[in-house]
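Chain and residue survey
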Amino acid sequence: MTQFGAEFREKYFPQVPKDVTPVNHGSYGLTPKPVLDFLNELNHEQEEYPDEFYLLTAKNKYIAQLKALGKFLNVDYHNLALLPNATMSVNAVLRSIPWDLKNDKVLIHSSTYGGCANSVKFVHDSLGLQYDIIDLQYPLEDKDVIAKFEEKLTKNNYKLCMFDTVCSMPGVRLPYEELIKACKKYDTWTLIDAAHGAGLVDMGFLHKLKPDFVTSNLHKWLCAPKSTSFLYVDPKHHKTIQTFP
């Protein structure tokens, strides 16, 4: 294997200027040269004969990517879809659910990524969906985070709870495994924003705990081309979730 360090950088990331040291991997990721080369091959194939590519070739390539992703995540690829980014995946879920506006309520936390929190607020402003926010003032121990969620879940009948695997600001790993279990205990759907998930934390919880909805960006820590995410939907929700557009 190529030795990690300068030799590794030169081989896999030669496109990065010599005087630049990328440190903001969590925002944009960095795509290795072999992946960029393959992407360029596909772009060339696409532009060479667009009709053949889109009408005859693209579907099989898409399915092949889903199968590879399903193998990596240890889930049935039929439960996966590819979208441009995690925020769009969150929107696909929030705007597809036929909310009972008199009874349904959503639970999020104060460290929720801005775009996703604003998506909940948009559904509130446009439809009147109710939501609550758990205040997480770090530093906090996992047991304190779980206790704050449990306190809300025991006192309210939430339809859906949205939380992260790893928050972006501050960069903190949430005890998402225990939060999934707590939501199941109180019959609350889980929408997990794992934007910082694939390639950074163990995604085995999809197979083991079977949450309702999970999205993760693939261009951050898994080094896929920008911008790519997946949306996982439990089979019982397949008829509910719609595509954009």
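Here is a short report on the structure shown in this document. Given the structure is predicted, the values throughout are model-derived calculations rather than measurements. (Residues numbered from 1 in each chain as written. Predicted model: local features only at pLDDT ≥ 70, side-chain atom pairs only at ≥ 80, totals over all residues. Heavy atoms only, no water.)

A few words on the packing of aromatic side chains. This structure, assessed with the given rule, holds 7 aromatic pairs. Judged by centre distance (5.0 Å) and plane angle (55°), the ring pair of Y176 and F205 falls under tilted. Of this pair, Y176 sits in helix α8 (residues 176-185) while F205 sits in helix α9 (residues 205-209), placing them 29 residues apart in sequence. No difference in accessibility class separates Y176 from F205, as the two residues are buried. Ring pairing ties together the aromatic residues F4, F8, Y12 and F13, which thus form one cluster. Here the basic side chain of K159 rests over the ring of W189, its NZ or CZ set 4.2 Å away from the ring centre. (Phe/Tyr/Trp six-rings, centres within 6.5 Å; stacked < 30°, edge-to-face > 60°. Helix = DSSP H or I, 4+ residues; strand = E, 2+ residues; numbered from the N terminus. Buried < 20%, exposed > 50% of the residue type's maximum accessible area, 1.4 Å probe, protein only. Lys NZ or Arg CZ within 6 Å of the ring centre and 35° of its normal.)

Turning our attention to the pairing of strand β2 (residues 105-109). The element β2 is extensively covered by neighbouring structure, given that 5 of its 5 residues are classed as buried. With burial as the criterion, each face of β2 is covered, one bearing K105, L107 and H109 and the other bearing V106 and I108. As paired elements, β2 and strand β3 (residues 130-134) share 5 bridges and run parallel to each other. Residue pairing across strands places L107 opposite D132, the latter belonging to β3. (Pairing = 2+ DSSP bridges.)

A few words now on helix α4 (residues 50-73). Of all the bends in α4, the greatest measures close to 55° and is centred on T57. Of the positions making up α4, those classed as buried are F53, T57, L66, L69, G70 and L73. Against the buried residues of α4 lie α3 (33-48), β1 (80-83) and β7 (229-233). Just downstream of α4 lies N74, where phi reads positive at about 60°. (Bend = angle between axes of the 7 residues up to and from the residue. Contact = heavy atoms within 4.5 Å.)

What follows covers the packing of helix α7 (residues 142-155) against α8. For the pair α7 and α8, interaxial distance at closest approach is 10 Å and the crossing angle is 15°. Accordingly, the angle class assigned to the pair α7 and α8 is roughly parallel. Of the two possible hands of crossing, α7 and α8 adopt the one that is right-handed. Here I146, F149, E150 and L153 of α7 lie close against α8, whose contacting residues are E178, L179, A182, C183 and K185. A class-by-class count of the residues in the contact of α7 with α8 yields 6 nonpolar, no polar and 3 charged. (Axes fitted to C-alpha atoms, helices over the stretch in contact; angles between N-to-C directions. Parallel < 35°, antiparallel > 145°, perpendicular 65-115°, else oblique. Left-handed = near helix turned anticlockwise from the far one by under 90°. Nonpolar A, V, L, I, M, F, W, Y, C, P; charged D, E, K, R; others polar.)

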